[in-house]
Structures are given as structure tokens and as C-alpha cells.
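Now for the letters of each chain:
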Amino acid sequence: MKLTVHTKGSAYDILMEHGILHHAKDHAGSGHFFLISDDGVPQCWRDILQSQFPESRMHVFSQGEASKNFDTLQAVLGDMLDAGLSRRDTVIALGGGVVGDLSGFAASLYMRGIRYINIPTTMLAMVDSSIGGKTAVDFHGVKNSVGSFWQPSLVLIDPEVLSTLSPRLLHEGLAESVKMGLTHDAKLFELFEQEDYEDHIDEIIERSLRVKQGVVERDERESGERKMLNFGHTYGHAFESYHHMNRFLHGECVALGMMKVIRNRELKDRVKAVLERLELPVSCEYDPEEIVKLVMKDKKADHGEVTFVQVDEPGNGYLVLWREEDIRKGLEI
Ligand SMILES: NC(=O)c1ccc[n+]([C@@H]2O[C@H](COP(=O)([O-])OP(=O)(O)OC[C@H]3O[C@@H](n4cnc5c(N)ncnc54)[C@H](O)[C@@H]3O)[C@@H](O)[C@H]2O)c1
Ligand SMILES: [Zn+2]
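All values reported here derive from a predicted model rather than from experimental measurement. Along every chain, residues carry numbers that run from 1 in the direction the sequence is written. As a convention, the first chain written is A and the first ligand written is 1, with the rest following in written order. Residue-level local features of this predicted model are given only where pLDDT is at least 70; pairs of side-chain atoms are given and counted only at 80 or more, and the full residue set underlies all totals for whole chains, interfaces and linings. Remark: hydrogens and water are excluded; side-chain values derive from all non-hydrogen atoms of the structure.

A. Looking closely at the domain arrangement of the chain. The split into domains, and so the bounds of each, comes from an automatic or database assignment of domains. By the assigned domains, the chain splits into domain 1 (2-164) and domain 2 (167-199 + 221-332). Computed from C-alpha atoms alone, the centre-to-centre distance between domain 1 and domain 2 is 28 Å. Only heavy atoms matter for contacts: two residues are in contact if any of them lie within 4.5 Å across the pair. Residue-level contacts link nine residues of domain 1 with 14 residues of domain 2. Buried surface at the junction of domain 1 and domain 2, summed over both partners, amounts to about 990 Å²; 65% is from carbon and sulfur atoms. For this analysis, a salt bridge means a side-chain nitrogen from Lys or Arg found within 4 Å of a carboxyl oxygen belonging to Asp or Glu. In this structure, the connection of domain 1 to domain 2 is made through zero salt bridges. Counted as a polar contact is a pair of N or O atoms within 3.5 Å, where, for protein atoms, one must be capable of donating a hydrogen and the other of accepting one, and residues adjacent in sequence contribute only when both atoms are in side chains. Inspection of the domain 1/domain 2 interface yields one residue pair in polar contact (both at pLDDT 80 or more). The set of elements that each furnish at least two residues to the side of domain 1 that touches domain 2 consists of helix 5 (123-129) and strand 8 (142-149). Buried area adds together the accessible area that both of two parts lose upon being put together, with accessible area traced by a 1.4 Å probe. Numbered from the N terminus, helices here are DSSP runs of H or I no shorter than four residues, and strands are runs of E no shorter than two.

Here it is as C-alpha cells:
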């Protein structure tokens, strides 16, 4: 499968194919390369990439969100300079969203910006973070607070690499696909309802990518429609903070957030059934007043109102403005 994402002034391809990791070099273009990964990406996948670029250095940092910071960025940039990388050369990121976000940011800064190729290896990175051009590190305890918009020059997706991913990580990534089905693609949501998702992984990735492609093409800088991708995230981020980012994964909080925001009873039951099949959480204990406070703070309520994404029927997301009492109401149901 090949998708071309059009951005202002340029375009890049997303190629999805089983085994494409083995042929990354054929698509990478010319010049020198600098590879970036983390030590949680199984060695077998790193070796397959490295063997195609024997002359290139691979910078491997410690896995986890805790590495997505200026220290790692500085170490990566230092290593790129030591490797003698020039303005015409290319960074290749192999990993989940942490590797992708940090490598994209490094590429955007190095020599005022060089090419980077993203090879996502988690479900979340394949369906969500690898396209759209948002790059960042966490700073001063605030997630993604320093970053840039920097588009990849190519994205290579090899579903084979998902074979080493834990079911929990696979499912948390799929929560983002369920979200995209609900806001933009009823068929994608129904696929989760009616079929065994394991038999349809390629189709799920492709449909999710098409949703995200459409949204980012229409709204590259998140001034309008891109907000729709925040479905489930407004309560979701509050749950992440409430549980101090350590009890639930991001996608699990999105699942919890979707369950809280949907008001249509029938749809809520359908979504609950899908999330349960994916072993995602559908409820948790919390103090409603704390969650309200976190939502109002996180979203910098504008004149007491917060924008939420709402869905009443699969495939049709829309934006609503909620006041504090609406936000509280969702939590009491
Ligand atoms: N740029 C965007 O638009 C965007 C969108 C959503 C999320 N994000 C960012 O993405 C990050 C989360 O990404 P993530 O969920 O991929 O987390 P992650 O990158 O931390 O990966 C999760 C874990 O899986 C390991 N791993 C990676 N590939 C593997 C494989 N094939 N087999 C086994 N283990 C593997 C990693 O080493 C890591 O330990 C967050 O920092 C978030 O802010 C960015
Ligand atoms: Zn998300």
C-alpha cells in the first residue's frame, strides 16, 4: 500500500508492506544515514536495519517516555555531529512514538533541518504518531512542550514488527484506531465490532492512516479539524495526570476518556463492548472534582468553556463547548 501525504509545499509517501524493513535501503535514497532507536525495540529489528547501512552509526537510547528529553536530544545531536552528518544526509528513526518524536525533532534542528525517515514499530506509532509532522520532547515536566512541525520525507510500515509487541501495547495503539473509526470512519469502527481484529490488522492500519492523512492534510497546524483527533483525550489526559502517568498507558486513558464523553446510551454500549474485547479499561475509580479541575486547567478553559469532541453515531465526530457543569455531568454518569 502506498499513500501520499500532501503538506504545504511538499509531499511524502507512506509505504506499508510485510517485510519492507528488510528493504528499507531500497527506498532510503542517497547520501549518508544516521540511525536512531531505543533499547526496547527488539535487537532483531535493529539488526535488520543496521545490516543494510553497515557504514552508518546507530544511536540507541534507553526506552521509555523518560528519555524523551533534552539530555537525549543533545546526546543524539552530538553523535550526529561526530558522525560527520551533513545537510544532505538523512536520519532514520526505528521505534515507537518516543523514538519518532525525538528523532524528528533532532532532524528539524540539525543544520537547520535535514531529511528524516520514520519506521514506526508500535501500533500507536503506525496509526497515529508517525504521520502529521509533530515532533517534540518533554520539558520541565510538561509533555511535548518543546518541539516543531517537521514532516518526514518517508514513512515505512512493516506490520511484521508488531509480532514482538506485547498485547497490552498493541491494544493501547488500537484504542487510537477505534477513536478514528468513531470520529471519521464508521466501517473501521464496525470492523472492530464485527470481526476478529487480529485478522484485519493491515486494513485497520490502512484505514487509520487514511483518516489521519485526511485530517492533517486539511489542517496541518492544528487550527481546526485536527482537534477532532482529540476525541477521548480531554478526559483522557486528565485521567493520565490523575493516575500520575503510571497506572494506565496513554491509549488506555483514551479508552476511559471516550467512555466518559459519549452521551448517546446506545453508542456507549457499543463502544464499551469493543473496548472490552480489546482488553482496554472502560472505567476506573477517581475523584470527579479532581478530574474537573484537571480538565479546566489542562485545556486552559476559554471564558469557562472547554472544547470537547463528541460522537453520537460512528463516523461523525463534531466539536462541542462544555462549561464546568457539563464536564461534571459526564463524570457522574
Ligand atoms: N507526534 C505525534 O503526533 C504523536 C501522537 C501520539 C503520540 N505521540 C507520542 O508517542 C509516544 C508514545 O509512543 P509509543 O506508544 O509508541 O511508545 P514508545 O515509543 O515508548 O514505545 C513503547 C515501548 O515499546 C517498545 N517497542 C517499540 N517497538 C517494539 C516492537 N516492535 N516490539 C516490542 N517492543 C517495542 C519501546 O522500546 C518502548 O519500550 C509519546 O511520547 C507520545 O507523546 C506523538
Ligand atoms: Zn492519543
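B. Layout of the coordination of the zinc ion (ligand 2). In this structure, Glu176 (OE), His233 (NE2) and His250 (NE2) serve as the protein donors to the zinc ion (ligand 2), at separations of 2.0 to 2.1 Å. As a rule, N, O and S atoms within 2.8 Å of a metal are its donors, except that Na, K and Ca use 3.2 Å; water is not among the atoms, so sites may look incomplete. Binding-site remark: the zinc ion (ligand 2) is held by donors from one chain whose sequence spacing is E-x56-H-x16-H. Of this pair, His233 sits in helix 9 (residues 233-242) while His250 sits in helix 10 (residues 250-261), placing them 17 residues apart in sequence. For the exposure calls, accessible area comes from a 1.4 Å probe over protein chains only, and a residue counts as buried if that area is under 20% of its type's maximum, exposed if over 50%, partly exposed in between. Overall, His233 belongs to the buried group, its relative accessible area being 7%.

C. Structural view of a negative patch on the surface. By definition, no residue in a patch forms a salt bridge, and every one has over 30% relative accessible area; like charges are joined within 9 Å, nonpolar side chains (Val, Leu, Ile, Met, Phe, Trp, Tyr) within 5 Å. Methods summary: accessible areas were calculated by the Shrake-Rupley approach with a probe of 1.4 Å, and residue burial reflects only the protein chains presented. Counted charges follow a simple rule, with Lys and Arg positive, Asp and Glu negative, and His plus the chain ends left uncounted. Here the site of a charge means NZ on Lys, CZ on Arg, CG on Asp, or CD on Glu. Judged by side-chain charge, Glu195, Asp196, Glu198 and Asp199 come together as a negatively charged surface patch. Within the element layout of this structure, Glu195 appears in the loop between helix 7 (186-194) and helix 8 (201-218). Here Glu195 falls in the partly exposed class, since its relative accessible area comes to 35%.

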